[in-house]
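What the coordinates show
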Amino acid sequence: MLQLHRSTLIAAGLALLACLFLYASLGVAKSFEHWKWTDIVSEGGTAVMAGSWVLFTLSSRPGGLVTRLLAGGLALIMIGSFADCMDEFFIISKTARWDHWLEGMVPVGMLVVTIGMYYWRHEQFRLNEHLQKRERLFRDHRAFDRITQLANADYLRRQIRHEQARRPGQPCALVLLDIDGFHLINREFGQPEGDRVLQAVGHMLLLNLRNDDLLCRYAGDRFALLLPDTSVEEAASLARHLAAMVGQMRHHAKGGRVGISLRHACSNADAAPDVLLAELSRAVSQPAAACLMASTAVVAAA
Amino acid sequence: MIAYRQIGDCFIPARHQPALILDYARSRELDEQGDKALRGTGLRGWAMPDADIALSPAQYLQLLANVMRELDSPDTSFMLGQQMLPGHFGAFSHALLQAQNLRQALEILCAGAARLCPLLTPRLREEGGLAVLYWTDGFGAPSQLPALVEMHMTAVTAMCRWLAGERLPWRYCLNRSAPAHVEQHEVHLGGDLRFNCHLDAMLIKPEWLDKAWPRGNAMAASVALDSAAAEAGADRLALAPSLLSALYDHLLANIRLGPTLELSAAAFGVSAATMKRHLARHGSHFQAELDQVRAHVAIHLFQARGYDNEAVAQYLGFHDATNFRRSFKRWTGLTPSLLRDGLLSVPL
């Protein structure tokens, strides 16, 4: 990411050098015994911190307005406090005004960062909307799968427990979806093509879900859906719809078109997550997948 | 004299299993983070290694450990397993592809273990209405054993599923407690999982062994096996097992004769002190190896022949059942009855 912002970084570095040069040429150096160490540490420290915030911001964000505002404001704070710190090493004549202007960059920088924060909030709302079906109420960046950008089984188990604790007794359905013959796609077209199939199926499923639903990558080629306020019958009908949508998809690999179809199994999310998932997992591995009604009775489904 | 390989011997062609690992790591973009994952592996870069480079088991284990650490994902061992077999490891891989049925595939796997899966040794046993494929550590890597077992069991499962054209109803017994990432086991292995088993084994009903596989070709398989024998040629080390596996087999064959370090060392043509040193290099010692074999024999007798404590004690040369019970608890941490209940409580 830092490569993207090379010119910004060079400009900030040059500004610091210019500042140092300005003080060194127009000021008179103070003797060592006049240095005030507490001021040097606090003002220099602020400059160093602000500099590291600039780096953190630039290294973690793509370009754009919010990034420019945040990094620019932080850079102003850094230069302002650096100038403040230079004051401790050089005596500037009382009549000069330029050093006050330099130090005045700190509040200006704070204003810019605040404006950046305001837009960042907007951006975050948009992202939340986008991520809603993937993460629901919590954010835990470690729980995301790198290939599909979906949450993993661990996160799913926590969400099931959370749903059970939040609204006990309310219907909530759990669906597992498995890609038919996924291992054959891997053998025939290679594992990178298999990864692309997983991504495509993930996207297709996300497009067909409600905002309150949660889609996870359980493991391998198995996806999991947590559907609050949904009966098993509704879940089965949704699963059939999803399977039909995925069946309609045209996935093109190098070696030709890959046909993708899904099996599914669903049940009420009313038991311990581990037991529930193990049971569903067994059901969905059967050639003809099924729906578990009230955790025990089995309803056949294609 | 028994031929064997040690952890420092370079005999694993870098283009075989190590190349698969490199390939997978590249597909996960690990090569973009520099050469950190290649440290201690004897490999120079991420490109396909030269044909004449061979790695030692220590280097191969290091490569696996590095890649798993850097990718830090619970599915790494399973994904590596998915691609491992039949593989492109010479004539044995060709033979596996042509196997007529499960029995032949597993026999090829066990015979060609040095080529097909050098780190873990598979062993097939059929008795008491059950076929058991179990795995033992080849080169003493206890910290990597859970991942190696996941990888090798996935490899056999995926290969059989592909060649048989259907999912085989394996039961998986794992010598570990239930992990946090049990979903990976469910998806890549199957739903019938047993943890805390004191043996890493895949169980299946014997009728599956002889069911014909659609791709099977008797002629091609036997041609491939002939060329495997020709490949090995006169080199008696070509297919030699690891020291730990060779010792396991030796102890298993002599388990009723009261094997000792001195007698076993003699069978390997080395002094007792040398044998001790070799074992230490594999992180083990003679008593630990002997205890493991005795525990496996006891489990086998319980399971396959329905022996009770008394009978097993007598078979293994213990004075009485109480002594055996105490020893068994020391080997496995469980009393024989507890283990029997855990292993056999639900029929396959």
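Every value quoted in this text rests on a predicted model; they were computed, and no experiment measured them.

What counts as what
- Residues numbered from 1 in each chain as written.
- Chains lettered and ligands numbered in written order.
- Predicted model: local features only at pLDDT ≥ 70, side-chain atom pairs only at ≥ 80, totals over all residues.
- Axes fitted to C-alpha atoms, helices over the stretch in contact; angles between N-to-C directions.
- Helix = DSSP H or I, 4+ residues; strand = E, 2+ residues; numbered from the N terminus.
- Parallel < 35°, antiparallel > 145°, perpendicular 65-115°, else oblique.
- Left-handed = near helix turned anticlockwise from the far one by under 90°.
- Contact = placed C-beta atoms within 7 Å.
- Core = buried A, V, L, I, M, F, W, Y, C linked by C-beta atoms within 7 Å.
- Buried ≥ 20, exposed ≤ 12 C-beta atoms within 10 Å, placed from the backbone.
- Pairing = 2+ DSSP bridges.
- Nonpolar A, V, L, I, M, F, W, Y, C, P; charged D, E, K, R; others polar.
- Domains from an automatic or database assignment.

So, about the packing of helix 2 (residues 37–60) of chain A against helix 3 (residues 65–86) of chain A. Packed helices, taken two at a time, are described by the angle their axes make and the gap between the axes. All names here are of chain A. Two numbers describe how helix 2 lies on helix 3: the axes approach to 8 Å, and their chain directions differ by 160 degrees. In terms of axis orientation, helix 2 runs roughly antiparallel to helix 3. Where helix 2 crosses over helix 3, the handedness of that crossing is left-handed. Packed against helix 2, whose contacting residues are Ile-40, Glu-43, Gly-44, Thr-46, Ala-47, Ala-50, Gly-51, Trp-53, Val-54, Thr-57 and Leu-58, the element helix 3 presents Thr-67, Leu-70, Ala-71, Leu-74, Ala-75, Ile-77, Met-78, Ser-81, Phe-82, Asp-84 and Cys-85 at the interface.

So, about the nonpolar core. Looking at soluble globular proteins, one finds that nonpolar side chains tend to be buried together. Phe-92, Ala-95, Leu-96, Ala-105, Val-156, Met-159 and Met-202 of chain B are the most contacted members of the largest nonpolar core, which has 89 residues in total. With near-sequence residues (within four places) excluded, Met-202 of chain B lies in contact with Leu-133, Met-153, Val-156, Trp-170 and Tyr-172 of chain B.

On to the pairing of strand 8 (residues 262–268) of chain A. Residue and element names in this part refer to chain A. Extensive coverage of strand 8 is indicated by the burial of six of its seven residues. Sheet analysis places strand 3 (residues 172–179) next to strand 8, joined by seven bridges and oriented antiparallel. What sits directly across from Asp-178, in strand 8, is Arg-263.

Here we come to unusual backbone geometry. Put simply, Leu-85 of chain B and Pro-86 of chain B share a cis peptide bond, and its omega is -5 degrees. By the element assignment, Pro-86 of chain B lies in the loop between helix 3 (76–82) and helix 4 (91–97). A positive phi angle is found at Asp-229 of chain A, which is not glycine, with a value near 60 degrees. Look at Asp-229 of chain A and you get partly exposed, because 14 C-beta atoms sit within 10 Å.

What follows covers the interface of chain A and chain B. Contact with chain A, which involves 16 residues of that partner, is made by 16 residues of chain B. When contributions to the side of chain A that touches chain B are tallied by element, the ones reaching two or more residues are helix 6 (153–166), helix 7 (182–189), helix 8 (191–207), strand 4 (214–219) and helix 10 (273–285) of chain A. In terms of residues, the side of chain A that touches chain B owes the most to one element, helix 10 of chain A, which gives five residues. Taken together, the residues of the side of chain A that touches chain B break down into six nonpolar, six polar and four charged.

Residues and elements named next belong to chain B. Annotation of chain B at the domain level lists domain 1 (1–72), domain 2 (74–234) and domain 3 (243–344). Each of domain 2 and domain 3 was reduced to a C-alpha centroid, and the two centroids are 24 Å apart. Elements supplying a minimum of two residues to the side of domain 2 that touches domain 3: strand 3 (120–127) and strand 4 (130–137). Its residues assigned to classes, the side of domain 2 that touches domain 3 shows six nonpolar, seven polar and three charged.

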